[in-house]
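These are the residues of each chain, in order.
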Amino acid sequence: MSPTALRAQAETQAARLPPLLARAEHLAGAVLLGEHGRRRAGMGDDFWQYRPAQIGDSRRLIDHRRSAMGDVQFVREREWQIAQSVMLWVDQGAAMRFASSDELPTKADRARVLSLALAILLVRGGERVGLTGTVLPPRRGNAQILRLAELFSQDSDDDYAPPEHRAMIPHARAVFVSDFMGDISAVQLALTKAADRGVRGVLCHVLDPAEEAFPFRGRTIFQSVGGTLEHETLKASELKDRYLARLAERKDELRALCAIAGWQYGLHHTGASAQSGLLWLWRALDGGAAA
């Protein structure tokens, strides 16, 4: 890629960040922070554990009785209601850039806004958020949100992106957001790897309303967003029943995989409000939302 083309691509990616961040911040602001009933070290009243003192610890946190037993100073940690690290995977495949109407957001846009708003809520609650894989390990802070927004704004040339399952932290939580129109075996592999590590999470299935209704008639050319697949038919309406049956089968497969892995499954349409989708995700992370 030439320097001019690379700069143009970088400027295009950077231009997306402020609107994405603004919409995610606005969406997150509409959701009240709830409490997580997880035992973690923090500012609660109940004793949790001792650990060696570290640089930056306040002297008032040192437990002098425990420290007097040896040459190492120990901090008495207390319980705090904070959950574990949360790892996100957001489908950046070309198929996610579909929208059946100019009045609707693309699936990619909705997925990114929901995921970034969720990350903002989690970070505000003191949790660590990152991406599955090795690109961005879970961390706290506004800098992490900016990095997430940057990575979410990148597109893949492939029609369908498989879920990233590498480097999952044992017993953490995860959120996968996609239209899940690609190879189901890739989803099965990712959820199996997650379950093997004790990772529980949420699978958010994002679809455009037209993908549910199949409102096509007469001569129609179906083409993938990435341009690698194309099918022409003179009677599109005759494909409707078979398509809807396949879609229902895919939903059932995803629900079954989630049930085996101990995950929550949820369906979100881009025609619905983003706030409803975020509320569901927020509650589902603690197992409080019905599929």
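Scroll up to find the structure this text is about.
Residues numbered from 1 in each chain as written. Predicted model: local features only at pLDDT ≥ 70, side-chain atom pairs only at ≥ 80, totals over all residues. Heavy atoms only, no water.

Caption draft 1: Examining the environment of isoleucine 221 more closely. If you trace the backbone, isoleucine 221 turns up in strand E7 (residues 220-223). Sequence separation between isoleucine 221 and histidine 231 is ten residues, and the spatial gap between their C-alpha atoms is 5.7 Å. (Helix = DSSP H or I, 4+ residues; strand = E, 2+ residues; numbered from the N terminus.)

Caption draft 2: Quick look at the side chain of glutamine 144. With respect to the helices and strands, glutamine 144 occurs in helix H4 (residues 142-152). Excluding residues that lie within four positions of it along the chain, glutamine 144 makes contacts with Val129, Gly130, Leu136, Pro137, Pro138 and Arg139. (Contact = heavy atoms within 4.5 Å.)

Caption draft 3: Molecular detail of the packing of aromatic side chains. For the structure shown, the criterion picks out five aromatic pairs. Ring geometry for tryptophan 89 versus phenylalanine 180: centroids 6.4 Å apart, planes at 50°, classification tilted. Taken together, the residues tryptophan 89 in strand E3 (residues 86-90) and phenylalanine 180 in the loop between strand E5 (173-178) and helix H5 (184-196) connect sequence positions 91 residues apart. Taken together, the ring pairs in this structure connect Trp89, Phe176, Phe180 and Trp263 into an aromatic cluster. (Phe/Tyr/Trp six-rings, centres within 6.5 Å; stacked < 30°, edge-to-face > 60°.)

Caption draft 4: Molecular detail of the pattern of salt bridges. A complete count under the given rule lists twelve salt bridges for this structure. Between glutamate 212 and lysine 251 there is a salt bridge, with its nearest N and O atoms 2.8 Å apart. One end of the pair, glutamate 212, is in helix H6 (residues 209-213); the other, lysine 251, is in helix H7 (residues 240-261), and 39 residues separate them in sequence. A relative accessible area of 21% places glutamate 212 in the partly exposed class. (Salt bridge = Lys/Arg side-chain N within 4 Å of Asp/Glu carboxyl O. Buried < 20%, exposed > 50% of the residue type's maximum accessible area, 1.4 Å probe, protein only.)

Caption draft 5: Highlighting unusual backbone geometry. Even without glycine at this site, alanine 167 takes up a positive phi of about 60°. Residue position: alanine 167 is located in the loop between H4 and E5. Alanine 167 gets classed as partly exposed once you look at its relative accessible area, which sits at 43%. Look at phenylalanine 180: it is not a glycine, yet its phi comes out positive at around 50°.

Caption draft 6: Geometry of the nonpolar core. Formed by 42 residues in total, the largest nonpolar core has its most connected members in Leu88, Leu116, Leu118, Leu148 and Val175. For this core, the secondary-structure elements that each account for two or more residues are helix H1 (3-29), E3, helix H3 (107-124), strand E4 (129-131), H4, E5, strand E6 (200-207) and helix H8 (274-284). Looking at which element gives the most residues to this core, the answer is H3, with twelve residues. When near neighbours in sequence (up to four residues on either side) are disregarded, valine 175 contacts Val86, Met87, Leu88, Trp89, Leu118, Val202, Leu281 and Leu285. Membership of the second largest hydrophobic core comes to 21 residues, among which are Ala161, Ala194, Leu257 and Cys258. (Core = buried A, V, L, I, M, F, W, Y, C linked by side-chain atoms within 4.5 Å.)

Caption draft 7: Representation of the pairing of E6 within the structure. The element E6 is extensively covered by neighbouring structure, given that seven of its eight residues are classed as buried. Both E5 and E6 contribute to a ladder of six bridges, which runs parallel. Bridging across to E6, valine 175 finds its partner in valine 202. In this fold, E5 hands off to H5, which returns the chain to E6; that crossover is right-handed. Both E6 and strand E9 (residues 264-269) contribute to a ladder of six bridges, which runs parallel. Paired with histidine 205 across the two strands is leucine 267, which belongs to E9. (Pairing = 2+ DSSP bridges. Right-handed = clockwise from strand over helix to strand, strands pointing away.)

Caption draft 8: Layout of the pairing of E5. Burial analysis of E5 places six of its six residues in the buried class, the great majority of the element. Where burial is concerned, the two faces of E5 agree: the one with Arg173, Val175 and Val177 and the one with Ala174, Phe176 and Ser178 are both buried. The pairing of E3 with E5 spans five bridges and is parallel. Considered in E5, the bridge of tryptophan 89 is made with phenylalanine 176.

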